[in-house]
Amino acid sequence: MLGRNGSSATDFILVGLFPGFQHAILLNSMIIFIYILVFLGNVLLIVLIWGDSRLHTPMYILLSQLSLIDLTLTSTIVPKMASNFFTGRKTISWVGCGTQSFFFLMLGMSECLILTLMAYDRYVAVCSPLRYPTIVSPRVCLHMVAACWIGGSVGSFIHTVYPMHFPICGSREIHHFFCEVPVLIRLSCEDTSAYQLVVVVTSIVLLVVPFSLITASYTLIFLAVLRMNSVKGRKKALATCSSHLTAVSLSFGPNIFIYMTFTSSHSPEQDQALWVFSNILTPLLNPLIYSLRNKEVVAALMKLMGRCGAS
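Under an unreviewed UniProt entry, the chain has the name Olfactory receptor and belongs to Camelus bactrianus. What the UniProt record of the chain gives under Sequence similarities (unreviewed entry) is the line "Belongs to the G-protein coupled receptor 1 family." Heading Function (unreviewed entry) of the UniProt record for the chain holds this comment: "Putative odorant or sperm cell receptor."

Written out as structure tokens, the structure is:
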């Protein structure tokens, strides 16, 4: 059954980003500009890592996966948001909503696991340097990366299919700029308290446990760094780990607040502000955090620029 503008009765309506904001055109234009920078920055970082044999190490393999996740995550959200705003067509189909929710959750879950692996990689490199080549070899790293993607995909499939089948009795208007589980189940006229508990448990497994492991890893790393005799080695380890900790804080902080206080009364504006920071601004900052503070990446960039200049 079709409604006005050819929309189906099963379509959802995305209200958009801060719908009451007076300068909406400027805001959405800024988001698109940031998205372009995110796209270019993360593509460049991936090209540098896979194009320079010196960067074919576990740490940079994991970093390339983080860039791929950030690149894909923003591409899942921003183009649809921009299209809805500038065309005035705010609808999204039931299938499109489920697809967007699936990819968002898959990438988010995979990112949590990748960041945990990055902390483990740095822990082994600093605390057990002699055993590092055998414990975290490139082959083992690739297997762990594959496990992260598979785990994220399975978890996302479960948390997409189940809530998409909750009955919706009233308005199908989503007070958000993309389809996501917490805002979807608010539309349901069925008691979702049991599923909300499942979401909290999943959040503990995928957010609190990884964050605790990351915190423990970096605590042990800092203790090991303080015992180093080499000032140069100490500075290098601290620079690498501090950049990782910055990325972890930017990624985990907003998500823990949103999902661990799932049953509380978040306003739509609060949720949207947190999602913009976590899923649009953070992917922009990650390439800067890792490239500007990393001599190997900067050297690879200089090498690439030299090739382009020579050609």
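Once that is clear, we can look at the overall build of the chain. If you tally the helices and strands in the chain, you get 10 helices and three strands. Secondary structure elements in the chain, listed N-terminal to C-terminal, are β-α-α-β-α-α-α-β-α-α-α-α-α. By its C-alpha atoms, the chain is 70 × 50 × 35 Å across when sized along the principal axes. Expressed as a percentage of the 311 residues in the chain, the buried residues total 46%. A sequence separation of at least 24 residues applies to 78% of the contacts in the chain between residues at least 6 apart.

Attention shifts here to the nonpolar core. With 65 residues, the main nonpolar core has Leu63, Phe104, Ile114, Leu115, Met118, Phe177 and Tyr259 as its most contacted residues. In contact with Ile114, other than residues within four places in its own chain, are Leu62, Gln65, Leu66, Ile69, Val145 and Cys148. Core analysis: the second largest hydrophobic core is formed by 10 residues, Phe12, Leu14, Ile92 and Val183 among them.

As a further point, take the packing of aromatic side chains. Under the definition given, this model contains 11 aromatic pairs. Geometrically, the ring pair formed by Phe104 and Trp275 is edge-to-face, given 5.2 Å between the ring centres and 85° between the ring planes. Residue Phe104 is found in helix H3 (residues 94-127), and its partner Trp275 is found in helix H9 (residues 268-292); the two are separated by 171 residues along the sequence. Exposure class is identical for Phe104 and Trp275. Each is buried.

Look at Phe18: it is not a glycine, yet its phi comes out positive at around 45°. Summarising the element assignment, Phe18 is placed in the loop between strand E1 (12-14) and helix H1 (24-51). With relative accessibility at 23%, the residue Phe18 sits in the partly exposed group.

Turning our attention to the packing of H1 against helix H2 (residues 58-87). Two numbers describe how H1 lies on H2: the axes approach to 9 Å, and their chain directions differ by 155°. Judged by the inter-axis angle, H1 sits roughly antiparallel to H2. Crossing of H1 against H2: the hand is left-handed. Grouping the constituent residues of the contact of H1 with H2 by class yields 23 nonpolar, eight polar and one charged.

What follows covers the side chain of Asn84. Along the chain, Asn84 falls in helix H2. Judged by relative accessible area, which is 6%, Asn84 ranks as buried. The contact partners of Asn84, leaving out residues within four places of it in the chain, are Leu14, Arg89, Lys90 and Thr91.

Scanning the entire structure with this criterion turns up one disulfide. There is a disulfide in this structure between Cys97 and Cys179, and the S-S distance comes to 2.1 Å. Every disulfide takes its handedness from the sign of the S-S torsion; for Cys97 and Cys179 that torsion is -115°, giving left-handed. Placement of the pair is Cys97 in helix H3 and Cys179 in the loop between strand E3 (173-174) and helix H6 (181-185), with a sequence separation of 82 residues. You'll find Cys97 and Cys179 in the same group, each marked buried. Here Cys141 stays free of any disulfide, with the sulfur of Cys148 as its closest cysteine sulfur at 9.0 Å.

Working note: a packed helix pair is described by the angle between its axes plus the distance between those axes. Here H3 crosses helix H7 (residues 193-226) at 20°, and the two axes come no closer than 9 Å. Put simply, H3 runs roughly parallel to H7. Relative to H7, the crossing made by H3 is left-handed. In contact with Met109, Cys112, Leu113, Leu115, Thr116, Met118, Ala119, Arg122, Tyr123, Val126 and Cys127 of H3, H7 contributes Leu206, Leu207, Pro210, Leu213, Ile214, Ser217, Tyr218, Leu220, Ile221, Ala224 and Val225.

Thresholds, definitions, all that
- Residues numbered from 1 in each chain as written.
- Predicted model: local features only at pLDDT ≥ 70, side-chain atom pairs only at ≥ 80, totals over all residues.
- Heavy atoms only, no water.
- UniProt positions renumbered as here; feature names shortened; annotations may be inferred.
- Helix = DSSP H or I, 4+ residues; strand = E, 2+ residues; numbered from the N terminus.
- Buried < 20%, exposed > 50% of the residue type's maximum accessible area, 1.4 Å probe, protein only.
- Contact = heavy atoms within 4.5 Å.
- Core = buried A, V, L, I, M, F, W, Y, C linked by side-chain atoms within 4.5 Å.
- Phe/Tyr/Trp six-rings, centres within 6.5 Å; stacked < 30°, edge-to-face > 60°.
- Axes fitted to C-alpha atoms, helices over the stretch in contact; angles between N-to-C directions.
- Parallel < 35°, antiparallel > 145°, perpendicular 65-115°, else oblique.
- Left-handed = near helix turned anticlockwise from the far one by under 90°.
- Nonpolar A, V, L, I, M, F, W, Y, C, P; charged D, E, K, R; others polar.
- Disulfide = S-S within 2.5 Å.

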